[in-house]
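Notes for the structure review
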Amino acid sequence: MELRTLRYFLAVAGEENITKAADILHVTQPTLSRQMIDLEKELGTTLMLRGKSRLTLTDDGIFFRQRAEEIVELADRLDKGLLDVGLLLESVDTVKYDFIRLSQKETWGVLMRDDHPLAFRESIRPEEAANYPLILPLRERVRAEILNWLKREEKDLNIPLSYTLLSNAALLVEEGLGCAFCLDGALAIHSSPRLRFVPVYPEHMTRSVLIWKKKHLFSPAASLFIQEINMLRAQIE
């Protein structure tokens, strides 16, 4: 999911009307309508109820609007220099940002119910999970990497749902809607005795990264912090 899609959704939610939002965004009404349908399909839920003259957000739509506002605000603050440094999971847009990888690593695996046919395994190869309904992250870079592990094209997989928040993915898995590729270490995946996390083999790890905008004039305090971070990066490398 791109930031553009989030901005489109927020415009529609704010105007409560596809046509008005399309005028503001300078896109055609059919294009924007298709974007919203595709978004609901990706999330596996209905975000808005379409009336004759206005749209009304569902409970899921209200929740998603709150998360979309937070994500867009953070992205805007970082791009505009209002937020000096951000903490993200790999991968990183190296064209726009400088970064340093932190030492802590998290392991990729498959979250499934304890009655899943693969739940007894100590580890599994990604392609073994490809035969079952999958719940994948919406983040494009991460999703592309997982598809590479699976050695399948997305159209050849059964992907009933996608997720942005791991806590939501855990609930979907617990309901038996599929198994989710995710990272270990989050409290959400250990919250239920019915859930089982099985690491993938060969092992795939992801690190957290500190990022800051390239060619940007920072405050003295932020500049000193980034200088120390760069010194640390030089020691690591």
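In this report, the structure presented in the accompanying data block is examined. Please read these numbers as outputs of a predicted model, since none were measured by experiment.

**A closer look at the overall build of the chain**
Looking only at helices and strands, the chain has eight helices and nine strands in total. With respect to the principal axes defined by its C-alpha atoms, the chain has extents near 55 × 55 × 30 Å. Out of the 237 residues in the chain, the part that is buried amounts to 38%. Taking all contacts inside the chain whose residues are at least 6 apart in sequence as the whole, residues at least 24 apart take part in 67%. For the chain, the accessible surface area stands at approximately 13,800 Å², while carbon and sulfur atoms represent 52% of it. Across the chain, the 31 positively charged side chains and the 35 negatively charged ones have centroids separated by 3 Å.

**Let's talk about the environment of C182**
For C182, the location among the structural elements is in strand β7 (residues 179-183). For the pair C182 and V12, spaced 170 residues apart in sequence, the C-alpha to C-alpha distance is 31 Å.

**Quick look at the packing of aromatic side chains**
Within the structure shown, the criterion is met by two aromatic pairs. Here the aromatic rings of F9 and F64 are separated by 5.1 Å at their centres, their planes lie at 70 degrees, and the arrangement is edge-to-face. Linking F9 in helix α1 (residues 3-15) with F64 in helix α4 (residues 59-79), this pair joins segments that are 55 residues apart in sequence. For the pair F9 and F64, one class covers both residues: buried. Between W108 and W149 the ring centres are 5.7 Å apart and the planes differ by 75 degrees, which places this aromatic pair in the edge-to-face class. Here the residue W108 occupies a position in strand β4 (residues 97-113), and W149 occupies one in helix α6 (residues 140-150), the gap between them amounting to 41 residues. Accessibility expressed as a relative area gives 7% for W108, which makes it buried.

**Side note on unusual backbone geometry**
Omega for the peptide link from Y201 to P202 comes to 0 degrees, which places this bond in the cis form. Inspection of the secondary structure puts P202 in the loop between β8 (195-199) and β9 (205-213). With a phi close to 60 degrees, E16 is a non-glycine residue in the positive phi region. Locating E16 in the fold gives a position in the loop between α1 and α2 (18-25). With relative accessibility at 32%, the residue E16 sits in the partly exposed group.

**Some details on the pairing of β7**
β7 sits mainly inside the fold: five of its five residues count as buried. Burial along β7 is two-sided: the face carrying C179, F181 and L183 and the face carrying A180 and C182 are both buried. As paired strands, β4 and β7 are joined by four bridges and run antiparallel to one another. Of the residues in β7, the one forming a bridge with V110 is F181. As paired strands, strand β5 (residues 134-137) and β7 are joined by two bridges and run parallel to one another. Among the inter-strand pairings, I135 is bridged to a residue of β7, identified as A180.

**A few points about the pattern of salt bridges**
Considering all chains together, one arrives at eleven salt bridges under this definition. With a shortest N-O distance of 3.3 Å, R194 and D115 are connected by a salt bridge. With R194 in the loop between β7 and β8 and D115 in the loop between β4 and α5 (126-129), this pair connects stretches of sequence that are 79 residues apart. Taking the relative accessible area as the measure of exposure, R194 reaches 34% and is therefore partly exposed. Each of R113, D114, D115 and R194 takes part in one network of salt bridges that share partners.

**Quick notes on the environment of R7**
One can find R7 in helix α1. For the pair formed by R7 and A68, sequence separation is 61 residues and the distance between their alpha carbons is 7.9 Å.

**With respect to α2**
Of the positions making up α2, those classed as buried are I18, A21 and A22. One face of α2 carries all of its buried residues, which in axial projection span an arc of 105 degrees. Next to the buried residues of α2 lie α1, α3 (29-43) and β2 (55-57). H26 lies just past α2 and shows a positive phi near 60 degrees.

About the criteria used
- Residues numbered from 1 in each chain as written.
- Predicted model: local features only at pLDDT ≥ 70, side-chain atom pairs only at ≥ 80, totals over all residues.
- Heavy atoms only, no water.
- Helix = DSSP H or I, 4+ residues; strand = E, 2+ residues; numbered from the N terminus.
- Buried < 20%, exposed > 50% of the residue type's maximum accessible area, 1.4 Å probe, protein only.
- Contact = heavy atoms within 4.5 Å.
- Areas by Shrake-Rupley, 256 points an atom, 1.4 Å probe, with all protein chains shown as cover.
- Lys, Arg positive; Asp, Glu negative; His and termini not counted.
- Charge placed at Lys NZ, Arg CZ, Asp CG, Glu CD.
- Phe/Tyr/Trp six-rings, centres within 6.5 Å; stacked < 30°, edge-to-face > 60°.
- Pairing = 2+ DSSP bridges.
- Salt bridge = Lys/Arg side-chain N within 4 Å of Asp/Glu carboxyl O.
- Arc of directions from axis to C-beta.

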